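Survey of secondary and tertiary structure
The residues making up each chain are set out below.
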Amino acid sequence: MAHGDEGGLPTLWGDKKISGYCSTFVRCYVPILDNRRVGKTRVNVPNLWVGNKYAAMVAASCETLIGFDGAVFNAIQGNSYWLEWFNTPTGNLLGSINTSSAISAIIVGWFFASPITNYLGRRWGMAIGAFFAVVGALLQTFSPHHNLACFIAGRVILGVAQGLVACAGPVYIGEITPAELRGTMMSFWQTNYSVGAFIAFWANYACSKHQESLGEWGWKLVVLLQFVIPALILIQLPFCPESPRWYIQHGNQLERAQDVLRSIRDTEEEVQTELLNIREAILFEQEAFSNSYWALWKDKSVRKRLILVGLINVGQQVTGQSTLAQYSSTVYKKVWSSSNTINLINAINATCAILFTLNATWTVDRFGRRFLLIVGAAGMAIAMMIVPIIGLTTPNTPTGGKTEPVGIAIVAMPFVFIFFYKPSWGAVVWIVTSEVFSMNVRTQAVGMCTQMQNIAGSIFNQFFPTFYANCGLLGFEEHGPFTSSSLIIRPVTSLLLIIYSRIKMSNILPYLRKLEASQQLIVNGKPYLIIGAELQNSSFTSTDYMNGVWPKLVARHINTVLGCVTWEMVEPTEGSFDFSVLDSMIKGARKHNLHLTLLWFGSFKNGWVKQNSRRFPRAKLRKARGEVQAGDVLSIFYPEALEADSNAFRRFITHLKEIDEGIYTVIMVQVQNEVGLLGDSRDAGPAANAKFSGSVPEEFLNFLVDDWDSLNADLRYHLNPVESKLASKNHTRSWEEVFGEGPRTDELFMAYHYAQYVDQITAVGKKIYPLPMFTNVWQPRLSPEDDTSPAIAGGGSIPGVYPSGGATSNVLDIWQRFAPNLDFIAPDIYLNDYEVTCNKYCHRNQPLFIPEQRRDAFGARCIWVAIGSCNALGVAPFGIDTVEPENCPFTMHYALLDSVSELVLEAQRKVGTSVGFYFDDIQSDRTDPAKPIIKHFGDYEITIKRSFVFGKPAAASGIVIYLEGSKFLLIGWGFEVRGRSLSPTAVFTGILKFEEKWVVNKETGELKTQRVLNGDETRSGLAAVMPSEDPDYGGYLATMIPQIPPPRTFTYHEVDSMKLLADIYFNPIQGESAEGGEKSWRPAMFYLYGGGLVEFNRKHISAYLIQACLSRNWVVIGVDYCSLPQVSGLYILDDITAAWSWVHNALPSAIPDLNIDEESQWLATVLVGANQTFYEPHKPFPQYCHTA
């Protein structure tokens, strides 16, 4: 977006990272005074996410009070005045004092924190916890002399505080911060633990320097300081917003949630997108799971996460950090005799802990959670293995300590320990805990898992004083805080292997997220675009064959493979199941980082069931002369086939869940393949005939009547003749009595029963493992001239020639109503108009997915329509595994689509912001069948057409995405885009900037400018031109055209008509009014002379003139060779002159409200050079003209 000033047209393109060819229309008369919002444009406002971070940091400061509490008890237990005040507790009593807070934290965290936080809100959970922390600190400080019970009571209350904030804080941070900041902000949670310890240890060190003068206040001041942090939290919480998720989850308070998001997100687009995502996620979780504690154990996926996350929280304590934090003062006494030295070491250690924890803020998202855990475990193990070796192999001094060099060596190792611990097992465990659970069970699960730290820590802290008193430094080696390799490497490595070999912690079950006008596939918690390929039917039956195919699929930039799983493959004989081949296919896909969509070929393709036609009857087909023959498919009108298929499908889905849940290599399942009956329009077997001659089900008729206005146009077309019969009260009519005789009635009958048959099988699988499930459809031929494919690909114009009863557009509504367990119906597109078929299968806002289509160059170009205009989940050409990557047209198209997939997915989430298209090859007679595509986006009209490169037009395809304001993104080949402002005052729209981009980060869609384009590449500022796949410059130009075009951006600008009038004088002649009064203004006609425009030193003045005139309802007349744009209201003459009679006769009929009379005086202007030459209107003109 740019605005005009004396310095020209500056642009705010700046650092806005966009991908693809993008153009921006800019209004010169709209001043951009700041970078917040002007009109409909809003760009990043940094201070908003500063507020976002502030709210998260307030929540993260809750961990400060936990860190302070752990450190303060460590610090004061070495204070002689504290020991005397409470009668010198030792052994188990000392351990009990320490663990009293942990036990209350466990109870509250497990059973009370979640209900409080869910019912009152995340902020209230933190506030109540902070209040209890203040009370507990005061109670400890002012405990009476020798009254240890009062001190313990204070620690119990502090434990209540810790249990509440440890549950509410991480959940709040996870819900208030955007995904890209979540890891960083949760790193500050652990950092603040170190901050709390830092304050406690340095305060204790300062007080210890004045121990004699302070007396018992030496420890009381340190404990009293503990109330300051929760008090500050209480002061700041009212200024922090509540979680938007909590608002929506409790009473669907959309306005409040929206207000919160607007205060912490950068753009309105981000606000609306996140609001939609929150609502859909909550809806999905409510449907899929319970929100009770029982849901933590009932659902296998949640249960597995609970166990694994609980284990890593225990693992955090197994490292020995808890006992190190609680008893380092006691341990250091074995090395140093001076309490001041010990206090100083603790303070320095706490300082280093802050610095070391900050490493997590930049490493956690760069290297990943798993990497940090592995490196941290290895580093801690080595450091702690060295400690007992030094301690046990060096002699003690006469005072019981160690020599100074030995002491320095021993003390150095805890510093190395925390260097590895803090950014790994210290911070990452909290991050993983806060982000892996779904919304409905998050607070319960986080509360329980974080308290596993306290459970493990309590066990170690309770028994360590006694064990240490008996074993001394030997405790370092086997059970102490400085755990040896046997206690570090084994449990930590085991935990890592358990967690990461079984499941990626961020994964959730793939599902379809509803959008405003469609749906998106969510895989591992993120929108996913299927860049797919369906294999030949036999390919998935051979592991050896697929070993050579997998690398070729990767080379084509495919991310999802569609392969069939046949009934006979998994159940070769009844009751005997073999999933070995399936398992090898899933492992092969995982090895090559590919996802799978499995196609269940059941009743209608293969199976041992066909060997027993008595038990599993075949469909009967009617032939000539009344003959009835057995077909090659099972009849669906007998229960045995349904029961056997359902059982096999159940076993298949159960096995799939066992081997793939949590990993989700398989993201969808197709149920059956191209359902329908070939050879006849319906089954003519005894069971089928009985149902056909019986009454039409009432639910079927009611559906057609109630949903009549919503039915697909193709279905209504066939039902129009019988519409009046549908609402009849006679409910005993047969199918032919209601719908008449003929194949269309047969098709309705078969569609109803096929839909129910497939739905019952789908329901069996959904109940076990609710992956997205669909079925596909063989498409009939709509008209012979539309068919350019081999007959084997599909076709047929009547039911039975194409599979009768399959979910074609004729009966799509019936399938959608009577197969509700199917998430969508997917068309196989080989025939007919590609875009028309795509639009038909977006009916009722179901998602579009194309599991089979042509694999040639035409098919590759078509995919951009599905992706860009119809928001398709993805596409998959059939049999692509038999074409080498270098010979496959999809290789190039998929490479480009893969690189910009994140941008495409983002555009799909915004209704009406993208258009996909293709222009097919020029016909043999050199005529161009492709019509320009005209679309309105925001305040602009864009025209997309084939680009001509020096007389050689070529095929074209791509996507245009409307970003915001006047910015557009172009992706693809061989087309150009021109824009026109829809503003009534704008008289010129041109390209301000045209940039070529390259994808920096495919995961985020970040782009970087590669080249700035101009000249011929913009048609001198009129159009943004995309290079064709095979440009021809005729040997005149040497231009490098990459095989896969990098993204480009272009910027349009507008000129206001008033600015134009300051440069060019328009002079409508005054004429007498009809009443003979004063002169009134009349419309003026302008003749735009081509040669003059070329000489005139102002580029594209014709566009200025035309739009300026049209904006004032003036008539514009030009000549053919002016190369004028084709716009409504422009009249083009075939010569420089036109007849005066035409002005009187033809023009008024074209513009009925135009007032022309004999007395009117008209001015005709011809632009020649830099001068204006005036001609009288009565000069002789030709008799013919035409309109643009």
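All values derive from a computational prediction rather than experimental measurement.

It is at 8 Å that the axes of helix α19 (residues 369-393) and helix α20 (residues 404-426) come closest, and there the two elements cross at 165°. By the angle between their axes, α19 is roughly antiparallel relative to α20. Between α19 and α20 the crossing geometry is left-handed. Across the contact of α19 with α20, the residue classes break down as 21 nonpolar, 4 polar and no charged.

Positive phi is not limited to glycine here, since E674 has a value of about 45°. Within the fold, E674 resides in the loop between β11 (666-671) and α29 (686-693). The phi dihedral of N832 is positive, around 65°, even though this residue is not glycine. Assignment of secondary structure puts N832 in the loop between β13 (824-829) and α36 (834-840).

Attention now moves to the sheet that holds strand β19 (residues 940-946). Strand order in the open sheet formed by 4 strands is β18-β19-β24-β27, with antiparallel pairing between adjacent strands. At either end of the open sheet lies a strand with only one pairing partner, and these are β18 (933-937) and β27 (1024-1025). Summarising the sheet, β18 and β19 pair through 5 bridges and their orientation is antiparallel. Looking at the pairing, H936 lines up with E941 of β19.

This next bit is on the state of the cysteines. Per the counting criterion, the structure on display carries 0 disulfides. Considering cysteine sulfurs only, C870 is the nearest to C838, which forms no disulfide, with 4.7 Å between them. Left without a disulfide partner, C870 is nearest to the cysteine sulfur of C842, which lies 4.5 Å away. Judged by relative accessible area, C870 falls into the buried class, the value being 5%.

A separate point is helix α13 (residues 254-264). The complete set of buried residues in α13 reads A257, Q258, V260, L261 and I264. On an axial view of α13, the arc spanned by its buried residues comes to 160°, and they lie on one face.

Definitions and cut-offs
Numbering of residues starts from 1 in each chain and follows the order in which that chain's sequence is written. In keeping with the predicted nature of the model, local features appear solely for residues at pLDDT of at least 70, side-chain atom pairs appear and are counted solely at 80 or more, and the whole-chain, interface and lining totals rest on all residues. Hydrogens and waters are ignored; side-chain quantities use all the structure's heavy atoms. Each axis is a line fitted through C-alpha atoms, taken for helices only over the stretch in contact, and angles between the N-to-C directions span 0 to 180 degrees. In DSSP terms, a helix is any run of H or I states spanning at least four residues, a strand is any run of E spanning at least two, and both are numbered starting from the N terminus. Any angle between 65 and 115 degrees counts as roughly perpendicular, while under 35 counts as roughly parallel, over 145 as roughly antiparallel, and the rest as oblique. Crossing handedness follows the turn of the near helix against the far one: under a right angle anticlockwise gives a left-handed crossing, and clockwise gives a right-handed one. The classification used treats Ala, Val, Leu, Ile, Met, Phe, Trp, Tyr, Cys and Pro as nonpolar, Asp, Glu, Lys and Arg as charged, and all other residues, Gly among them, as polar. In this scheme, strands are said to pair when DSSP sees at least two bridges between them. By disulfide we mean two sulfur atoms from cysteines, separated by a distance within 2.5 Å. When a residue's accessible area, from a 1.4 Å probe over protein chains only, is under 20% of the maximum for its type it is buried; when over 50% it is exposed; and in between it is partly exposed. Working note: the arc is built from the helix axis to C-beta atom directions.

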